[in-house]
Amino acid sequence: MKRRLSRTALPVATALALVGTPALTSATAGGATAAQRVPKPQSVIGWEPCTDYKLATYEQIADYYAKLDRASERMKLVEIGKTSEGRPQLMAIVSSEENLREENLNRYRETSVRLSQGDGLSESVARGLAQSGKAVAWVDFGIHSTEVAGHQTAPRFAYDLVTSETPEAQAIRDNVVTLLVPNTNPDGGTKVAEWYRQNLGGPYQDAGYPELYQKYAGHDNNRDWYMFNLQETRNVGRQLFHEWLPQIMHNVHQTAVFPARISIPPFEDPLNPNIHPQVVRGVNLVGDAMGQRLEREDKVGALARQSYDIWWNGGARTAPYYHNQIGILTETAHASATPRVYDPKDFPATFADGTSTSQPSVFYPSPWQGGEWHLSQSCDYISTASWAMLRLASDDREGWLYGAYQMARDGSRDGARTTYVIPADQADFPTATKLVDKLRWNNVRVERALAPFKVGKRTYPAGSYLVREAQPYRAAVRDLLNPQVYPDRRLYPGGPLEPPYDITGYTLSFQMGVTVDKLDRTVPVSTAEVGWPTVPTGVVAGAPKQAYALDPRVNDSAAAVNALLAAGEKVARSTGEVTTRSGKLPAGTFLVTPGPQTGDRVTALATELGLSVAAVDTAPAAVTALAAPRIGLYDGFNNYDEGWTRLILEQFRFGHQKLTNAMVRGGDLRAKFDTIVLPDATYASMRNGRAAGTLPAEYTGGMTDAGVANLKAFVEAGGTVVTLNRAAQLPIEAFGVPVRDVTAGVEETEYNIPGSVLNLDVDPGDPVAAGFAPTASAFVADGPAFEVAEGAEGVSVAASWPTENLLKSGFLLGEDVIGGRAAVVTAQVGEGQVVMIGFKAQHRAQSHGTYRLLFNAMYLGGQR
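Residues numbered from 1 in each chain as written. Predicted model: local features only at pLDDT ≥ 70, side-chain atom pairs only at ≥ 80, totals over all residues. Heavy atoms only, no water.

**With respect to the overall build of the protein**
Next, step 1: When helices and strands are tallied, the protein shows 24 helices and 40 strands.
Next, step 2: Against the compact-globule benchmark of 29 Å for 864 residues, the protein has a radius of gyration of 28 Å, which places it among compact chains.
Next, step 3: Dimensions of the protein, computed from the C-alpha atoms along their principal axes, are close to 85 × 65 × 55 Å.
Next, step 4: Within the protein, the proportion of its 864 residues that are buried is 59%.
Next, step 5: Here the analysis covers contacts within the protein between residues at least 6 apart in sequence; of these, 78% occur between residues at least 24 apart.
Next, step 6: Of the roughly 30,700 Å² of accessible surface on the protein, 49% is carried by carbon and sulfur atoms.
Next, step 7: Seen as two clouds, the 81 positive and the 92 negative side-chain charges of the protein have centres 6 Å apart. (Helix = DSSP H or I, 4+ residues; strand = E, 2+ residues; numbered from the N terminus. Rg over C-alpha atoms; globule rule 2.2 N^0.38 Å. Buried < 20%, exposed > 50% of the residue type's maximum accessible area, 1.4 Å probe, protein only. Contact = heavy atoms within 4.5 Å. Areas by Shrake-Rupley, 256 points an atom, 1.4 Å probe, with all protein chains shown as cover. Lys, Arg positive; Asp, Glu negative; His and termini not counted. Charge placed at Lys NZ, Arg CZ, Asp CG, Glu CD.)

**Points about the nonpolar core**
Next, step 1: Judged by nonpolar contacts, the single largest core of 125 residues is most densely connected at Tyr65, Leu180, Val286 and Ile422.
Next, step 2: Ignoring sequence-local partners within four residues, the contact set of Leu180 consists of Tyr65, Leu90, Met91, Ala92, Val94, Val139, Phe141, Phe157, Ala158 and Leu161.
Next, step 3: In this structure, Val592, Leu760, Ala778 and Ala857 belong to the second largest nonpolar core, which totals 68 residues. (Core = buried A, V, L, I, M, F, W, Y, C linked by side-chain atoms within 4.5 Å.)

**Some remarks on the layout of surface pockets**
Next, step 1: Counted as a void, the largest pocket has a volume near 690 Å³.
Next, step 2: As for the largest pocket, its lining consists of 29 residues, and the residues nearest its centre are Asn229, Lys434, Asp437, Lys438 and Gln651.
Next, step 3: Sorting the residues of the lining of the largest pocket by element identifies helix H9 (231-243), helix H13 (429-441), helix H16 (556-566), helix H17 (598-609) and helix H18 (640-651) as the ones contributing at least two each.
Next, step 4: Broken down by element, the residue count for the lining of the largest pocket peaks at six residues, all from H13.
Next, step 5: Looking at the lining of the largest pocket, its residues break down into 14 nonpolar, seven polar and eight charged. (1 Å grid on protein atoms, 1.4 Å probe; cavity = no way out; pocket = protein on both sides within 12 Å on 5 of 7 lines; lining within 4 Å. Points joined across faces, edges and corners; volume = space filled by probe spheres on them. Nonpolar A, V, L, I, M, F, W, Y, C, P; charged D, E, K, R; others polar.)

**Digging into helix H10 (residues 277-296)**
Next, step 1: The terminal C-alpha atoms of H10 lie 29 Å apart, and with 20 residues this matches the ideal 28 Å at 1.5 Å per residue to within 8%.
Next, step 2: Of the residues making up H10, those classed as buried are Val279, Val280, Gly282, Val283, Val286, Gly287, Met290, Gly291, Arg293 and Leu294. Down the axis, H10 shows its buried residues gathered within 170° of arc, on one side only. Of the exposed residues in H10, the ones pointing more than 90 degrees away from its buried face are Pro277, Arg281 and Arg296.
Next, step 3: Positive phi shows up at Asp298, right after H10, with a value of about 60°. (Expected span 1.5 Å × (residues − 1). Arc of directions from axis to C-beta.)

**Overview of a negative patch on the surface**
Next, step 1: Together, Glu747, Glu748, Glu750, Asp782, Glu804, Glu815 and Asp816 line one region of the surface with negative charge.
Next, step 2: Along the chain, Glu747 turns up in the loop between strand E33 (739-741) and strand E34 (756-762).
Next, step 3: Look at Glu747 and you get exposed, because its relative accessible area is 53%. (Patch = residues over 30% accessible without salt bridge, like charges linked within 9 Å, V, L, I, M, F, W, Y side chains within 5 Å. Salt bridge = Lys/Arg side-chain N within 4 Å of Asp/Glu carboxyl O.)

**A word on the side chain of Arg844**
Next, step 1: Structurally, Arg844 is set in the loop between strand E40 (832-837) and helix H24 (851-860).
Next, step 2: Reaching out from Arg844, the side chain makes a polar contact with the side chain of Asp220 at a distance of 3.0 Å.
Next, step 3: The residues contacting Arg844, other than those within four sequence positions of it, are Asp220, Arg223, Asn229, Trp312, Asp502, Ile503 and Trp644. (Polar contact = N/O pair within 3.5 Å; in protein donor to acceptor, adjacent residues only side chain to side chain.)

**Some words on the packing of aromatic side chains**
Next, step 1: Using the criterion set out here, one finds 29 aromatic pairs in the structure.
Next, step 2: Measuring from ring centre to ring centre gives 5.5 Å for Phe157 and Trp387, while their planes differ by 55°; the resulting arrangement is tilted. One end of the pair, Phe157, is in helix H6 (residues 148-163); the other, Trp387, is in helix H11 (residues 375-395), and 230 residues separate them in sequence.
Next, step 3: A relative accessible area of 0% means that Phe157 is categorised as buried.
Next, step 4: Between Phe654 and Tyr859, the aromatic rings sit 5.3 Å apart at their centres with planes inclined by 45°, giving tilted as the arrangement. (Phe/Tyr/Trp six-rings, centres within 6.5 Å; stacked < 30°, edge-to-face > 60°.)

**Overview of the environment of Leu55**
Next, step 1: Along the chain, Leu55 turns up in the loop between helix H2 (41-45) and helix H3 (58-71).
Next, step 2: Taking relative accessible area as the criterion, Leu55 reaches 4% and is therefore assigned buried.
Next, step 3: Distance in space between the C-alpha atoms of Leu55 and Leu564 is 48 Å, their sequence separation being 509 residues.
Next, step 4: Not counting chain neighbours up to four residues away, the residues in contact with Leu55 comprise Trp47, Gln60, Val148, Gln152, Val192, Ala193, Tyr196, Arg197, Ala337 and Leu375.

**Structural notes on the sheet that holds strand E27 (residues 612-616)**
Next, step 1: Read from one edge to the other, the open sheet built from six strands follows the order E21-E27-E22-E26-E23-E28, with strand pairing classed as mixed. Each edge of the open sheet carries a strand with a single partner, namely strand E21 (539-540) and strand E28 (623-626).
Next, step 2: Inspection of the sheet shows strand E22 (residues 547-550) paired to strand E26 (residues 590-592) by three bridges, in the antiparallel sense. Bridging across to E26, Leu550 finds its partner in Phe590. (Pairing = 2+ DSSP bridges.)

Here it is as structure tokens:
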């Protein structure tokens, strides 16, 4: 019988569950070779993977992996969790038969973890572990579902790694435990494959999947790797950062910078200074090995040092850098099952940095000269790159393992005098606890104070969290809890900023609005190690005479209010300060009228969400009744900002309905909705949509001018429209509001915010800013800034950009353009109103600190 992997305790969720049934041993298989015993992919899927005009679904690939697992003792298949749509997500463990014996595999996994977290090991113990351990390497075959070559390569590569009897393959199986994830987004893998099949031979064969292929994030699903909002990210992150801690990982993507055939490391500058030098050297080494192997196999067109940098955290190959792992990104050409002929006459003369696309250069020594290209060639390039990485893992097995220990040791040594404290007495401590949860997903060590303690003149209460910088993943601590200082890199003096790979500033404590005190000292205090944080203890201050009061400074008060409204409870909001038995609460406090079941409901929600609910015995001077707003969330096209917004609305229990272009064009919106939310999009994209003929008719066209007129009529009839970031273009251009975007038409050499955190001045007296302090942090990516026309009536400003010291984390060009301008504006239009939030207040479900601007704006539609 094939030995089972033991059910070791996981730090999150459940233990690994094996898929499939036991396989025959080699003895009972009659001495057949591995290649003879196991099925080839085409015998299960029905065709050779990577064949032109054919795409296998995730289910077909998973079925092959299960059959391969049953047929070979060199592979164990495990389920690592369920996807957002409920599919089982699989990971294969491939190594030699001896390595996969239960006791051996557990030992090698534990060795990898101990060395990665090896700050408590002596050098001699670490040396011994490295000598006796096996390198752990990772290959995931794609997170972006439209990048089809990776998924289709997965069955071929697994078959080859399991069955090949070359000396190289045998050495890899002997020296390396390889973790293969056939698809990081199984749901999308099936959707894209089925879409292609349905349209094969028709006009939309190569049109691309028209909707979000991940339930919430679509193509933005590779931006969740320090936040772990998505189920798939949690499934994979549990293996990468908790269970296995591989020394090297390969994250497969498409497409290469055209006309190159594959983009490989080394990457571009800038380098994030928090990353350990061994990581950078390792990335460069693996990239060079990939390039060399590609050349030896006559696979030309490998390109390095273009487009991709080593700055931003949060991607599947970048987040590992902050865990001392060698993260490799490759981007291979031609993300399609349809073959194509590429004419070199259509090639750009140079890449973005001026390097020739046709002449050899240091990082593009064998330019591709064009011609016919097939999916199978893309698959071959991916396989070659993966074999090159595994060969390095095998050849320097001990070095990779010991290097992991060295980086852990250095992190604990270099951060010895720095402590971060997350105070338990901050207003929105439930959100602070969520920050701790994110840190724990990153395997950052966190402690909880068991008693009050004093540092200088500040006394911190028991229950405060401490993060000591002296720990193995010091890079993650420093990167998530400190400002980023992105260098001013211009394409030429006085020219535009050299585009970063993603964003430049993302400090998590700033985005989440959580107070974190950085102390340049060790803090001696009695603590307990935090496994996974629990919500704060919910408190209800007795039965009130007038109302239960929920603090508007706490994000999860909205979740409680929405649940109470859905249950039929009566809720109002104060227009001024409220006196409770526990003290005063600010304007915007939620007031729940006691009823027969109210106390039980409020207590249950306080316990679930960690809320402190106060009692009000004297009626406030003025309140506004609140009903659950009927919310329409605009989804006019494949817009991941809509998906992230939808995720947040679900998390905080806002009832909402999808609002399509057809519904907007159909009119009568006021009868159906109180509040309509327009996620980030340009006016042109919302009005025009996709061009006719590019997709089936149901996916083309926008809301049109008629729909824009219907939106305006909705507001004039008393509705509320909330716009996020660039969506403010619509009311500015079409509703006649007395507001101008001062950034419109400004050259990028004058104004450029490539994803940064800025300081924000807030007016807590404005209903949209209820519950805010006078200052906050906002994530901004080239958003608008508003100027209100002089003498305009019916316009209020809830937040503005400071006139100086705008930048908090990242990069900013154009402080003089937006400084002193409005950032959040409410404009009356007829009987209704438009709230324009000039940035992504809900950015990738990360910026908890500004969620309440969106929540408060949506609640305006429910005021009675």
